[in-house]
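Each chain, letter by letter, is given below.
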Amino acid sequence: EAIAINSDVYGPVLFATALPGLLLFTIGVVLFGVAVARSASLPRLAGIAFALSGLLFALIGFAIDQVQTIGAALMLVSTIWIAQTALRLGGAAERP
């Protein structure tokens, strides 16, 4: 019975939902990274790093676990960089 449950959980339904979700996540992260990189006010390198981290985390990390850890760390660092820059710019815009 445990084998049947395992087959149900990790069967074709999982891959039919997880793979398109993974692909859409990757596309969204890459597009956001490109938007940040093309932005005049946000750091270009942070956008490039964010886009690259999405590829490493989702696509390559799906096959190689160690790469997923590197992608996640790069995504964390680039997200913090983007957020700090946005907060700094937002605070400057509010001052008279």
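As shown above, the structure is provided for reference.
Residues numbered from 1 in each chain as written. Predicted model: local features only at pLDDT ≥ 70, side-chain atom pairs only at ≥ 80, totals over all residues. Heavy atoms only, no water.

Visitor: Would you mind showing me how to read the packing of aromatic side chains here?
Guide: What characterises a pair of aromatic rings is the spacing of the ring centres plus the angle enclosed by the ring planes. This structure, assessed with the given rule, holds two aromatic pairs. A ring pair is formed by Phe-32 and Phe-50, whose centres lie 5.3 Å apart and whose planes are at 75°; its orientation type is edge-to-face. Of the two residues, Phe-32 is situated in helix 2 (residues 12-38) and Phe-50 in helix 3 (residues 44-63); the sequence distance between them amounts to 18 residues. We classify Phe-50 as buried; its relative accessible area is 10%. (Phe/Tyr/Trp six-rings, centres within 6.5 Å; stacked < 30°, edge-to-face > 60°. Helix = DSSP H or I, 4+ residues; strand = E, 2+ residues; numbered from the N terminus. Buried < 20%, exposed > 50% of the residue type's maximum accessible area, 1.4 Å probe, protein only.)

Visitor: It is not clear to me how the side chain of Thr-26 should be interpreted in this structure. Could you clarify?
Guide: The topology assignment puts Thr-26 in helix 2. For Thr-26, a relative accessible area of 3% translates into the label buried. Once residues lying within four places of it in the same chain are set aside, the contact partners of Thr-26 are Gly-54, Leu-55, Ala-58 and Leu-59. (Contact = heavy atoms within 4.5 Å.)

Visitor: Help me understand a nonpolar patch on the surface, please; the structure alone is not making it clear to me.
Guide: Together, Ile-5, Val-9, Tyr-10, Leu-14, Phe-15, Leu-19 and Phe-62 line one region of the surface with nonpolar side chains, adding up to about 670 Å² of accessible area. Among the elements that take part in the nonpolar patch, helix 2 stands out by supplying three residues, more than any other. Mapping Leu-19 onto the fold places it in helix 2. (Patch = residues over 30% accessible without salt bridge, like charges linked within 9 Å, V, L, I, M, F, W, Y side chains within 5 Å. Areas by Shrake-Rupley, 256 points an atom, 1.4 Å probe, with all protein chains shown as cover. Salt bridge = Lys/Arg side-chain N within 4 Å of Asp/Glu carboxyl O.)

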